[in-house]
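One-letter residues, chain by chain:
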Amino acid sequence: MVGEGILKGLAETARNFFGSYVSKERLTTVQYPEQRLPRIEAARSFPFLVYDGSDWQQGMRCVGCQICEKECPPKCILIEKSKDKKPDAVGKQQFYPAVFDIDISVCMSCQICVEVCPFDAIKMDVDVDLPTDNRFAGLLLDKQQLAKSNEYYHGIHPTEAAAVDAALAAERAKAQAKKPAAATPPAAPPSAAPVPEAQPVGGESK
Amino acid sequence: MSVTAYPTTPPILEPAADGSETQLLEISMGPQHPSTHGVFRMNVVLDGERVVKLKPVFGYLHRNHEKIAENETYLGSMPYTDRLDYICSITNNWAYALAVEKLAGIQVPERAEYLRVITGELTRLQNHASLIGFLLQDMGSSGTPLMYAFRERENILDLFEALTGSRMMCNYMRFGGCRVDTPAGWLEQAQKVVTEFPRFLDEYENLLVGNEILMERTQGIGVLSPELAIDSAISGPMARASGVNYDIRKVDNYSIYSRFSFRVPLGSHGDVYDRYMIRFLEMRESVKILNEAMRDIPAGPIVDPKMRIRGFRPKPGEAYGRIESPKGELGFYLISDGSTNPYRYRVRPPSLINLTVLEDLCLGVNVADVVAILGSIDIVLGEVDR
Amino acid sequence: MDLETIKSTLEANVPDCRLEVIVNPSPSGQHSLLVDAEHAFAVASFLRSSAGFNYCSNVTGIDWPAKELSEKVKVKKIVDGVETEIDEVSKTMIPGCLEVVYHLFSMSEKIGPLPLRMRTQDRAEGVHLPSLTPVWRSAELQEREVFDLFGVVFDGHPDLRRLLMWDEFEDHPMRRDYVNPDDYEYEPTAHDDVLQRANQHRSTVGER
């Protein structure tokens, strides 16, 4: 009979329409800004820099090695290495980035910077509410805007952050064990308290 | 160099029987036409409603992907391949990884192969589901069927996000394996989606397969003969709808496809309806592969432990690697000169090559059917224009 | 069917054709067949009709600019009446060419890929090659792409126009000596060659 197929199809739409009143699976619409789906843990948006402790300048894990700058496919990272050194998370004297900019209008969220970073210093954020009225400066994130605490990292990617912390702790233990007991002055405590002696932080006041 | 110019004034036809002068009408469909699947343009010459000439115009989305890749490291091109056919980024990653693995002779661990098959077949499911939704939308059933298809696609994209961190730009494969292992509970979640998928297929078939209007619009329209399909290197579901038994999963036996029992559905007419139906049948076969893969997946490493992520330099040589992507044969041709960047990087885009026969399919049909034919070819402009 | 068999069959069936097997050192082992432009059409037709290569999957171009090979050679020379051995650098120019590769498969025999290569005489005037579109229709759009991006002119192509660039465009962007137009856009994170380009732009155009 001509029209049978059409009727069959309409029965299907009717089933979906009335079904949406009873079955959650058929009603998938979310009233977006007011109502949001739970965030998926692995989600990623743009990179940020992790720091330990409470002071973002002292605790920053990044040592300005510029590997991510070189490996970034669209070349959206700009790093200028510092002239002086300061103790890093493991307690070693290290350089730090005097300038660390990411242009998120160019960044394509591929997370290759995260993969190549040997210091677990750069990780992917989940924030997507980044609209701004300035196309250039508004989307250029500097070191201070990029710095986020380790607690924040634990908040957004708990599983991954726990694994990173465990690896870092093991590395620190190894570094401590290697050191002759009383030969050198003890290294600054890695993450907990702010580092005692203040380092000159030239070019960092932003 | 001579450039053949496109004729600008359509010729005047013979006067009609009543003495009135008629003329061919030249129209430009696209590049902002809603049913050209992006910025694709066709210069169509019409005699009344009938198409007498059709010239596709490409390049509106051209960004010279190949040149970009030649200035990137091997790894650096991986996220760019996501943007070729942005509906199925994982199969793009796979084809590129496969070509590099051929070039450098890298082995892939067992678990990574299974993960590749699982994510690749999930990609096929969501590509075909959205394609049939788009096709029906193109033919005027606005909204409902597309939204039903997208409802299912969302479930699969959620899986991709949980695994790779991104819904569409997955950047998941690495040379010699995959980037991350499955998070806890992911396989169970994926199994649930796959188990429920056939119910959606049944529902969708009820919805429209027997629909008389759909049959009228699609049967006998845009017939592609198997001879022309082979001659033009048409690949993927489009070739199989014409009865060409060529599925690279079966022919090349790449990865671990020889371990799964699945059939290759073939069409017999090669019209739009066959191309539409073949996607349903392929999805059912993909569900079979997925069930077997998720049953058998072993534990183990997900990437070749010898591979270093930085400083990858394959020895000089070249390789052509290809896979059966949801759109057809997706190939990558790489030439290495021993440096960190490929000397030559070429994408064999199935979407572009399947468009070779667009004019042949469209000659003599009504202009409204051009949209249906184009929709059934399944193109993504990110891959056509590169 | 291995490459040597194909080569000898072709030599027997296409008189005077000059074939050369190009060995591929990579683990992929995809060795290719270089054919001279004069006999390429006959060779392709034979491959298609009698050797079963009915599926021409991929067509692409490769640019090989002229390059200088320098080799250190020890030469005996008479310097101040005494014969001494001096290192002398001998330089040889390898002329550039454009190369087109066709990846052929056989659907029935399920073999392939067989990369079939053709080379142009040079990169300026002698860029003509026979079109293989009459043999394999699949080369139609891809040869247009090679014409567009590399500048190889395919004689006998039914509709040789630019494919991806617009018709008025002059250069061939995939050539390795292609110079990017100065369309620099403000980019705050410029470094390395991007920075170099930015500085060049600023010096010629002034601050944006």
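Quantities reported herein were computed from a predicted structural model and do not represent experimental measurements.

Regarding the overall build of chain C
Move 1: Check the secondary structure of chain C and you find four helices and nine strands.
Move 2: Taken from N to C terminus, the helices and strands of chain C fall in the order α-β-β-α-β-β-β-β-β-β-α-β-α.
Move 3: Relative to its length of 208 residues, chain C is extended, with a C-alpha radius of gyration of 23 Å against a globular reference of 17 Å.
Move 4: C-alpha extents for chain C along the principal axes are approximately 65 × 60 × 35 Å.
Move 5: Nonlocal contacts in chain C, meaning residues at least 24 apart in sequence, comprise 53% of its contacts between residues at least 6 apart.
Move 6: Carbon and sulfur atoms make up 49% of the accessible area of chain C, which totals about 10600 Å².

Overview of the domain arrangement of chain A
Size of an interface: often given as the accessible area lost when the parts come together.
Move 1: With domains assigned, chain A is organised as domain 1 (1-37) and domain 2 (47-178).
Move 2: Domain 1 of chain A and domain 2 of chain A are separated by 46 Å when their C-alpha centres are compared.

Regarding the confidence of the model for chain C
Move 1: Averaged over every residue, the pLDDT of chain C is 83; residues scoring 70 or more account for 93%.
Move 2: Here the complex is predicted with pTM 0.86, and the ipTM for its interfaces comes to 0.85.

Here's the deal with the interface of chain B and chain C
Move 1: Opposite the 47 residues of chain B that make contact, chain C presents 52 residues.
Move 2: The interface formed by chain B and chain C holds six salt bridges in total.
Move 3: R386(B) is paired through a salt bridge with E145(C); the nearest N and O atoms lie 2.6 Å apart.
Move 4: Inspection of the region where chain B meets chain C yields 27 residue pairs in polar contact (both at pLDDT 80 or more).
Move 5: Of all elements in the fold, only α1 (65-70), α3 (89-104), α8 (226-231), β6 (317-325), β7 (328-336), β8 (344-348), α12 (350-354) and α15 (381-385) of chain B reach the threshold of two or more residues within the side of chain B that touches chain C.
Move 6: The biggest single contributor to the side of chain B that touches chain C is β6(B), with five residues.
Move 7: For the side of chain B that touches chain C, the per-class residue count stands at 22 nonpolar, ten polar and 15 charged.

What about the nonpolar core?
Move 1: Among the nonpolar cores identified, the biggest contains 205 residues, and F100(A), L122(B), F175(B), Y276(B), L358(B), L47(C) and Y102(C) are the most heavily contacted of them.
Move 2: Ranked by the residues each element gives to this core, the list is headed by helix α4 (residues 110-138) of chain B, at twelve residues.
Move 3: Contacts of Y102(C), omitting those with residues within four sequence positions, involve C56(C), N58(C), V59(C), L114(C), P115(C), L116(C), M118(C), P130(C), L132(C), A139(C), E143(C) and F154(C).
Move 4: Formed by nine residues, the second largest nonpolar core is a distinct cluster that contains A43(A), V126(A), Y153(A) and I156(A).

Examining the sheet that holds β6(B)
Residue and element names in this part refer to chain B.
Move 1: Strand order in the open sheet formed by three strands is β6-β7-β8, and the pairing between neighbours is antiparallel. The sheet is open, and its two edges are formed by β6 and β8, each paired on a single side. Averaged over all adjacent pairs, the angle separating strand axes in this sheet is 10°, with direction ignored.
Move 2: Here α3 sits on the sheet in contact with β6, β7 and β8, set at roughly 150° to β6.

With respect to the environment of G59(B)
Residue and element names in this part refer to chain B.
Move 1: You can see G59 is positioned in the loop between β3 (50-57) and α1.
Move 2: Classification of G59 by relative accessible area gives buried; the value is 17%.
Move 3: With 255 residues separating them along the chain, G59 and P314 place their C-alpha atoms 32 Å apart.

Things to note about the packing of α3(B) against α4(B)
Residues and elements named next belong to chain B.
Move 1: Remark: α3 packs on α4, axes separated minimally by 9 Å, with the N-to-C direction vectors making an angle of 140°. By the criterion of interaxial angle, the relationship of α3 to α4 is oblique. Side by side, α3 and α4 meet where I90, T91, W94, A97 and E101 of the first sit next to R116, V117, T119, G120 and T123 of the second.
Move 2: When grouped by side-chain class, the residues that make up the contact of α3 with α4 number four nonpolar, four polar and two charged.

Digging into the sheet that holds strand β6 (residues 97-106) of chain C
Residues and elements named next belong to chain C.
Move 1: The sheet built from five strands is open, its strands ordered β1-β2-β7-β6-β3 with mixed pairing. Edge positions in the open sheet fall to β1 (19-22) and β3 (55-64), since each of these has one partner strand only. If you compare each strand with its neighbour and ignore which way they point, the axes differ by 25° on average.
Move 2: Where strand β2 (residues 32-35) lies against strand β7 (residues 111-119), two bridges are found, and the strand directions are parallel. The residue of β7 that forms the bridge with L33 is L116.
Move 3: Packing of helix α3 (residues 139-150) onto the sheet brings it into contact with β3 and β6, and relative to β3 it is tilted by some 10°.

Overview of the packing of helix α5 (residues 144-164) of chain B against helix α6 (residues 186-208) of chain B
Each pair of packed helices gets described by two things: the angle between the helix axes and the distance between those axes.
Residue and element names in this part refer to chain B.
Move 1: At a closest axis distance of 11 Å, the pairing of α5 and α6 adopts a crossing angle of 170°. It follows from the interaxial angle that α5 and α6 lie roughly antiparallel. Note on element contacts: α6 touches α5 through W186, Q189, A190, V193, F197, F200, E203, Y204, L207 and L208, opposite P145, L146, Y148, A149, R151, E152, N155, I156, L159, A162 and L163.
Move 2: Taken together, the residues of the contact of α5 with α6 sort by class into 16 nonpolar, two polar and three charged.

Quick notes on the pattern of salt bridges
Move 1: The final tally for this structure, using the stated rule, is 57 salt bridges over all chains.
Move 2: Salt-bridge contacts for D165(A) lead to R61(A); the nearest nitrogen and oxygen are separated by 3.6 Å. Within this pair, whereas D165(A) is found in helix α7 (residues 158-178), its partner R61(A) is found in the loop between α2 (56-59) and α3 (67-71), the two being separated by 104 residues in sequence.
Move 3: With a relative accessible area of 24%, D165(A) lands in the partly exposed category.
Move 4: We classify R61(A) as buried; its relative accessible area is 3%.
Move 5: Put simply, R249(B) and E121(B) hold a salt bridge, and the shortest N to O gap is 3.3 Å. Residue R249(B) is located in helix α10 (residues 248-251), and its partner E121(B) is located in helix α4; the two are separated by 128 residues in the primary sequence.
Move 6: Overall, the relative accessible area of 0% leaves E121(B) in the buried class.
Move 7: Shared partners join several salt bridges into a network, and the residues in it are E66(B), E70(B), R344(B), R346(B), R386(B), E145(C) and R176(C).

As for the pairing of β3(C)
All names here are of chain C.
Move 1: Most of β3 is tucked away: nine of the ten residues are buried.
Move 2: Note: β3 against β6, nine bridges, orientation antiparallel. Residue T60 lies in a different strand from β6, and its bridge partner there is V101.

Remarks on the environment of E110(B)
Move 1: As for its position among the elements, E110(B) is in helix α4.
Move 2: Contact partners of E110(B), with chain neighbours within four places excluded, come to R259(B) and P298(B).

Some remarks on the state of the cysteines
Every disulfide links exactly two cysteines, by a covalent bond between their sulfur atoms.
Move 1: All chains considered together, the criterion is met by zero disulfides over all chains.
Move 2: C76(A) provides the cysteine sulfur closest to C107(A), a residue in no disulfide bond, and the two sulfurs are 4.4 Å apart.
Move 3: You can see C97(C) has no disulfide; the closest cysteine sulfur is in C17(C), sitting 19 Å from it.
Move 4: Under the relative-accessibility criterion, C97(C) is labelled buried at 10%.

Quick word on unusual backbone geometry
As a rule of thumb, non-glycine residues mostly have phi less than zero, and peptide bonds are mostly trans rather than cis.
Residue and element names in this part refer to chain A.
Move 1: Phi is positive for Q66, close to 70°, though the residue is something other than glycine.
Move 2: Assignment of secondary structure puts Q66 in the loop between α2 and α3.
Move 3: For Q111, which is not glycine, the phi dihedral falls at a positive 60°.
Move 4: For Q111, the location among the structural elements is in the loop between β5 (97-103) and α4 (112-116).
Move 5: Residue classification places Q111 among the buried positions, given a relative accessible area of 13%.

Quick notes on the rules
Residues numbered from 1 in each chain as written. Chains lettered and ligands numbered in written order. Predicted model: local features only at pLDDT ≥ 70, side-chain atom pairs only at ≥ 80, totals over all residues. Heavy atoms only, no water. Helix = DSSP H or I, 4+ residues; strand = E, 2+ residues; numbered from the N terminus. Rg over C-alpha atoms; globule rule 2.2 N^0.38 Å. Contact = heavy atoms within 4.5 Å. Areas by Shrake-Rupley, 256 points an atom, 1.4 Å probe, with all protein chains shown as cover. Domains from an automatic or database assignment. pLDDT = per-residue confidence, 0-100. Salt bridge = Lys/Arg side-chain N within 4 Å of Asp/Glu carboxyl O. Polar contact = N/O pair within 3.5 Å; in protein donor to acceptor, adjacent residues only side chain to side chain. Nonpolar A, V, L, I, M, F, W, Y, C, P; charged D, E, K, R; others polar. Core = buried A, V, L, I, M, F, W, Y, C linked by side-chain atoms within 4.5 Å. Buried < 20%, exposed > 50% of the residue type's maximum accessible area, 1.4 Å probe, protein only. Pairing = 2+ DSSP bridges. Axes fitted to C-alpha atoms, helices over the stretch in contact; angles between N-to-C directions. Parallel < 35°, antiparallel > 145°, perpendicular 65-115°, else oblique. Disulfide = S-S within 2.5 Å.

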